[in-house]
Amino acid sequence: MALNIESLAEATSGAIGSLLSTTILYPLDTCKTKYQAELRVHGLAKYRNTLDVLLEAISSRQFFSLYQGLGTKNVQSFVSSFIYFYGYDFFKKLYLKKSGFKSIGTRANLIIAVVAGAFTVIITQPLDTAASRMQTSAFGKSKGFWKTLSEGTWSEAFDGLGISIILTSNPAIQYTAFDQFKQRMLKNKMKSNRGVESSPESLSAFSAFVLGAVSKCFATCITYPLIRCKVMIQSAESEGDAEDEAELKARKTISGSLHAIWKKEGLMGFFKGLQPQILKTVLSSALLLMIKEKIAKTTWVLLLAVRRYLFLTRTRLKSS
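The shown structure was predicted, so the numbers you read here are calculated from the model rather than taken from an experiment.

## Quick notes on helix H8 (residues 169-186)
Between its terminal C-alpha atoms H8 stretches 25 Å, which fits the 26 Å expected from 18 residues at 1.5 Å a residue. Three or more residues of H8 are buried, namely Asn170, Ala172, Gln174, Tyr175, Thr176, Phe178, Asp179, Gln180, Lys182 and Leu186.

## Points about the pattern of salt bridges
What the rule picks out here adds up to 11 salt bridges. Of the charged contacts in the structure, one is a salt bridge between lysine 32 and aspartate 29, with a shortest N-O distance of 3.6 Å. With lysine 32 and aspartate 29 both in helix H2 (residues 26-37) and 3 residues apart, this pair spans about one turn of that helix. Residue class for lysine 32 comes out buried when judged on its relative accessible area of 6%. Since its relative accessible area comes to 4%, aspartate 29 is described here as buried. The salt bridge involving arginine 228 is made with glutamate 265; its shortest N-O contact spans 2.5 Å. With arginine 228 in helix H9 (residues 205-234) and glutamate 265 in helix H11 (residues 254-265), this residue pair connects regions lying 37 residues apart in the sequence. Judged by relative accessible area, arginine 228 falls into the buried class, the value being 0%.

## Focus: the side chain of serine 284
Counting through the fold element by element, serine 284 comes out in helix H12 (residues 274-319). On the accessibility criterion, serine 284 (11% relative accessible area) is buried. Not counting chain neighbours up to four residues away, the residues in contact with serine 284 comprise Ser21 and Leu25.

## Focus: the packing of H8 against H9
The relative placement of two packed helices comes down to the angle between their axes together with the axis-to-axis distance. H9 packs onto H8 with a crossing angle of 155° between their chain directions and a minimal axis gap of 8 Å. Accordingly, the angle class assigned to the pair H8 and H9 is roughly antiparallel. In the packing of H8 onto H9, the handedness of the crossing is right-handed. In this structure, H8 uses Ser169, Asn170, Ile173, Gln174, Ala177, Phe178, Phe181, Lys182 and Met185 to contact H9, whose residues at the interface are Ser207, Ala208, Leu211, Gly212, Ser215, Lys216, Phe218, Ala219, Thr220, Thr223 and Ile227. Partitioning the contact of H8 with H9 into residue classes produces 10 nonpolar, 8 polar and 2 charged.

## Considering unusual backbone geometry
Phi angles above zero are rare outside glycine, and arginine 61 is one such case at about 55°. With respect to the element layout, arginine 61 can be found in the loop between helix H3 (50-59) and helix H4 (70-99).

## Notes on the state of the cysteines
Under the defined criterion, the tally for this structure stands at 0 disulfides. Free of any disulfide, cysteine 217 has its nearest cysteine sulfur in cysteine 221, 4.5 Å distant.

## Overview of the packing of aromatic side chains
Here the structure, examined in full by the defined rule, presents 11 aromatic pairs. On the numbers, 5.5 Å between centres and 85° between planes, the contact of phenylalanine 90 with phenylalanine 91 is edge-to-face. Taking the relative accessible area as the measure of exposure, phenylalanine 90 reaches 23% and is therefore partly exposed. Given a relative accessible area of 42%, phenylalanine 91 falls into the partly exposed group. An aromatic cluster of three or more residues is present, and its members are Phe82, Tyr86, Phe90 and Phe91. For the cation-ring pair, lysine 34 lies above phenylalanine 139, with the distance from its terminal atom to the ring centre recorded as 4.8 Å. Note that lysine 272 overlies the ring of tyrosine 35, its terminal NZ or CZ placed 4.8 Å from the centroid.

## As for a nonpolar patch on the surface
A contiguous nonpolar surface patch, about 620 Å² in accessible area, is contributed by Leu51, Leu55, Ile58, Phe63, Phe64 and Tyr67. Phenylalanine 64 gets classed as exposed once you look at its relative accessible area, which sits at 70%.

## Quick word on H9
When the terminal C-alpha atoms of H9 are compared, their 34 Å separation across 30 residues is substantially less than the 44 Å that a helix rising 1.5 Å per residue should span. Maximal helix bending in H9 amounts to about 70°, located at threonine 223; proline proline 225 follows within four positions.

## So, empty space enclosed by the protein
Applying the stated criterion across every chain yields a total of 2 cavities of 30 Å³ or more. In this structure, the largest cavity occupies an estimated 1,000 Å³ of space. Lining the largest cavity are 39 residues; nearest its centre among them are Lys73, Gln76, Pro171, Lys216 and Lys230. Those elements that place two or more of their residues in the lining of the largest cavity are helix H1 (2-24), H2, H4, helix H5 (106-136), H8, H9 and H12. Residues belonging to the lining of the largest cavity are distributed by class as follows: 9 nonpolar, 23 polar and 7 charged.

## Considering the environment of valine 282
Topologically, valine 282 is positioned in helix H12. For the pair valine 282 and alanine 219, spaced 63 residues apart in sequence, the C-alpha separation works out to 9.8 Å. When residues no more than four places from it in sequence are discounted, the contact partners of valine 282 are Ala213, Lys216, Cys217 and Gln277.

Calculation notes
- Residues numbered from 1 in each chain as written.
- Predicted model: local features only at pLDDT ≥ 70, side-chain atom pairs only at ≥ 80, totals over all residues.
- Heavy atoms only, no water.
- Helix = DSSP H or I, 4+ residues; strand = E, 2+ residues; numbered from the N terminus.
- Expected span 1.5 Å × (residues − 1).
- Buried < 20%, exposed > 50% of the residue type's maximum accessible area, 1.4 Å probe, protein only.
- Salt bridge = Lys/Arg side-chain N within 4 Å of Asp/Glu carboxyl O.
- Contact = heavy atoms within 4.5 Å.
- Axes fitted to C-alpha atoms, helices over the stretch in contact; angles between N-to-C directions.
- Parallel < 35°, antiparallel > 145°, perpendicular 65-115°, else oblique.
- Left-handed = near helix turned anticlockwise from the far one by under 90°.
- Nonpolar A, V, L, I, M, F, W, Y, C, P; charged D, E, K, R; others polar.
- Disulfide = S-S within 2.5 Å.
- Phe/Tyr/Trp six-rings, centres within 6.5 Å; stacked < 30°, edge-to-face > 60°.
- Lys NZ or Arg CZ within 6 Å of the ring centre and 35° of its normal.
- Patch = residues over 30% accessible without salt bridge, like charges linked within 9 Å, V, L, I, M, F, W, Y side chains within 5 Å.
- Areas by Shrake-Rupley, 256 points an atom, 1.4 Å probe, with all protein chains shown as cover.
- Bend = angle between axes of the 7 residues up to and from the residue.
- 1 Å grid on protein atoms, 1.4 Å probe; cavity = no way out; pocket = protein on both sides within 12 Å on 5 of 7 lines; lining within 4 Å.
- Points joined across faces, edges and corners; volume = space filled by probe spheres on them.

Honestly, that's just the spatial picture; any functional story needs more than this.
Here's what the structure looks like:
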């Protein structure tokens, strides 16, 4: 039972952290996503950088359109983070229990993180696809979740699933690095209390922020070309796009999107939007992990209180 409570606490605190960080940084996320989704010859590009996207929203009096798709994105972030953190923590503790080791190695940690990430992606892909289409729609013309997905086939709701599964290596690298650094930092701070119901140690907000930023920056730089391909595959069709239907359809595959970037933008096109991507993902991940670390104890205590309450209620019902 202790295992389930701790795993549930990890999942809940991680999901809340993801929800808050996503909401805070959503305008930046929309700007960088629209910039990444644009594929044109450099001289004819509509946006020179993410600031141009922001200026367009302000000049057209569509600033609040930077929040289009926020509801869907929040649901996707909360659900995916909950599933990921629960699966990651549950399987990590299960591995330690079965193996008898006191700590988990980097290789085992990475495998568990990838499995948890792939399982999460398969479940939440339609939400991710809808959110991307809503973000890349013209300002003020975004449609609701169901209408966005119903315009295409059911298989199109899973656009980018293959590349999303490959990209599970990104959070896997990030969380593995974060977890390893965290274990080293807490090694000298662990308390001698071995009580079954003693709350776990946690990092300070600043330490969690720094570790989250460093680990995410490294993972993002390595996987960025695939990140941009994923945005292109899931993006809404632009009204001003001169490409024919065959070209647009070809871009909905990994090989097709890679070829299109190489053909129209060259080598540097694979890294277009890298700076805002790093800024957004680093801040998002750092905020997520910082919030998660600070509310982990509170969440653990609250869940423990709920468990005790349910146990006492069940006992009273049986005795009456």
